[in-house]
Amino acid sequence: MCSDIRAMLYGSELVYAFAVLRELARENDMEKEYLIGIAPGNAEERQKILSEGIKDKITTKDIVDFVQSNLKRLEDVSRICSDLFVETLLDMGKMENAYIVKFDAHRAGSTFVYGIYVNHDLKRISLSFRGTAEMGDWGANLKYFKEPLNPSDSLLELGFDEKKKIRVHGGFKEYLMGSHPSHDCKYKDIKGELVELYTSGECNGYDLIVTGHSLGGALSTLMSFQLASSGKISKHLGNKPLVNISFASPYVGGEVFGEAFKMLEKAGKLQHIRVSNENDIVPVLVAMPDFRHVGINLHLDDTKDYDLNTKENGLCGGSGLLFFPWLANLSNHGLEEYDTRFKKVKTAIRHMTINDVYGNSSITKDFIE
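In this text, all values refer to a predicted model and were calculated from it rather than measured experimentally.

(A) View of the packing of helix α10 (residues 186-199) against helix α11 (residues 215-228). Closest axis-to-axis distance for the α10/α11 pair is 11 Å, and the angle between their directions is 60 degrees. Considering the angle they form, α10 stands oblique to α11. The way α10 lies across α11 gives a crossing that is right-handed. Contacts from Tyr-187, Ile-190, Lys-191 and Leu-194 of α10 reach α11 at Met-223, Gln-226 and Leu-227. Classifying every residue of the contact of α10 with α11 by side-chain character gives 5 nonpolar, 1 polar and 1 charged.

(B) Structural view of the packing of helix α6 (residues 83-93) against helix α14 (residues 335-343). The contact between α6 and α14 brings their axes to 9 Å, and the two run at 70 degrees. As the angle between them shows, α6 and α14 are arranged roughly perpendicular. Along the contact surface, α6 presents Asp-83, Leu-84 and Glu-87, while α14 presents Leu-335, Glu-336, Asp-339 and Lys-343. Partitioned by chemical class, the residues of the contact of α6 with α14 number 2 nonpolar, no polar and 5 charged.

(C) Just the nonpolar core, in detail. One finds Ile-125, Phe-129 and Ile-166 to be the most contacted residues of the largest nonpolar core, which totals 47 residues. No other element matches α11, which puts 8 residues into this core. For Ile-125, the contacting residues outside a window of four places in its chain are Ile-116, Tyr-117, Val-118, Leu-194, Leu-197, Tyr-198, Cys-203, Tyr-206, Asp-207, Leu-208 and Ile-209.

(D) Highlighting the pairing of strand β2 (residues 98-104). Burial within β2 is extensive, with 6 of its 7 residues counted as buried. Where strand β1 (residues 58-59) meets β2, 2 bridges bridge the pair, whose relative direction is antiparallel. Bridge pairing links Thr-59 to Tyr-99 in β2.

(E) Here's a closer look at the packing of aromatic side chains. Under the defined criterion, the tally for this structure stands at 6 aromatic pairs. Each ring, one from Phe-18 and one from Phe-103, has its centre 4.7 Å from the other, and the planes form 85 degrees; the classification is edge-to-face. With a gap of 85 residues between them, Phe-18 in helix α1 (residues 2-27) and Phe-103 in strand β2 connect regions that are remote in the sequence. The exposure class assigned to Phe-103 is buried, which follows from its relative accessible area of 1%. Through a chain of ring-to-ring contacts, the aromatic side chains of Phe-225, Phe-257 and Phe-261 assemble into a single cluster. One Lys or Arg, Arg-79, reaches over the ring of Tyr-16 and ends 4.1 Å from the middle of that ring.

About the cut-offs
Residues numbered from 1 in each chain as written. Predicted model: local features only at pLDDT ≥ 70, side-chain atom pairs only at ≥ 80, totals over all residues. Heavy atoms only, no water. Axes fitted to C-alpha atoms, helices over the stretch in contact; angles between N-to-C directions. Helix = DSSP H or I, 4+ residues; strand = E, 2+ residues; numbered from the N terminus. Parallel < 35°, antiparallel > 145°, perpendicular 65-115°, else oblique. Left-handed = near helix turned anticlockwise from the far one by under 90°. Contact = heavy atoms within 4.5 Å. Nonpolar A, V, L, I, M, F, W, Y, C, P; charged D, E, K, R; others polar. Core = buried A, V, L, I, M, F, W, Y, C linked by side-chain atoms within 4.5 Å. Buried < 20%, exposed > 50% of the residue type's maximum accessible area, 1.4 Å probe, protein only. Pairing = 2+ DSSP bridges. Phe/Tyr/Trp six-rings, centres within 6.5 Å; stacked < 30°, edge-to-face > 60°. Lys NZ or Arg CZ within 6 Å of the ring centre and 35° of its normal.

In structure tokens form, the structure reads like this:
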């Protein structure tokens, strides 16, 4: 499990940093811009390239090469010079056959950013959502009123009561499933891209892991729920669950959403490790009274190593408080702080797999009853 969490920490950091690198390359003349999918042209042409996302595969070694070729230009960019991104680069440099197959930073009315990575060495597809980085992202965070979500045929086949109403955070649903005049909703786009990877024969039998930090963590959980209940995705995963590893995620949905999520977990279609930090305000403040967290919580606490359970952590569960980020201390919310605390975990968890966690009744008893 620790290796998966570490890999997804790097994947979550990469989706932040890669967006920064491409923006910098668009605005400045930099060495080997072609390595990260930026072609020569005027400002308008380069902006179009940035908005359209990448068209060709970009290997992890390409990204490392681009950064090394522009070290002088990047030395004052905090995101690129962070210890976590340096570790991410070192990890990417070891990968022999891994690449970004899709990176979407489409800005038509939102700042939605995600990347799809394929690692042939590990036989894994990863989908990573960027967290809150711009004011447009806070707009989604604050559209907190619950919106209905239709249950899939797969959920109904598992015995979900169609009379019950699944309700989720309206802003997160709009991000993923909102319509746009020029393209399908992002959920359909992403699902289509994943199905294409599987049907092409390139990724037969590969694992699928979805991750993200903060807003990206919430999107990763909602996306995982939708994908795990999709017959098209389940067909390619076979008997393996889709895995969701989120960091610092706010609440995603209501009580019935939690019930439906557990049905997918019990059926072996979905596993979710929700990583949270002690004193990170974002995961513990809820916008509506019946919002509930889902999955198994790995709670990182400097004073007692960690907790691993399905219970709520924090002091505000169900209080109905609205989270205004500018009123809170976010020092414990950043990915670097999550990385720092995760490095301190030295106990038996390091030898457990996610399957071990889900098979441990002392951890999962709250939702298997």
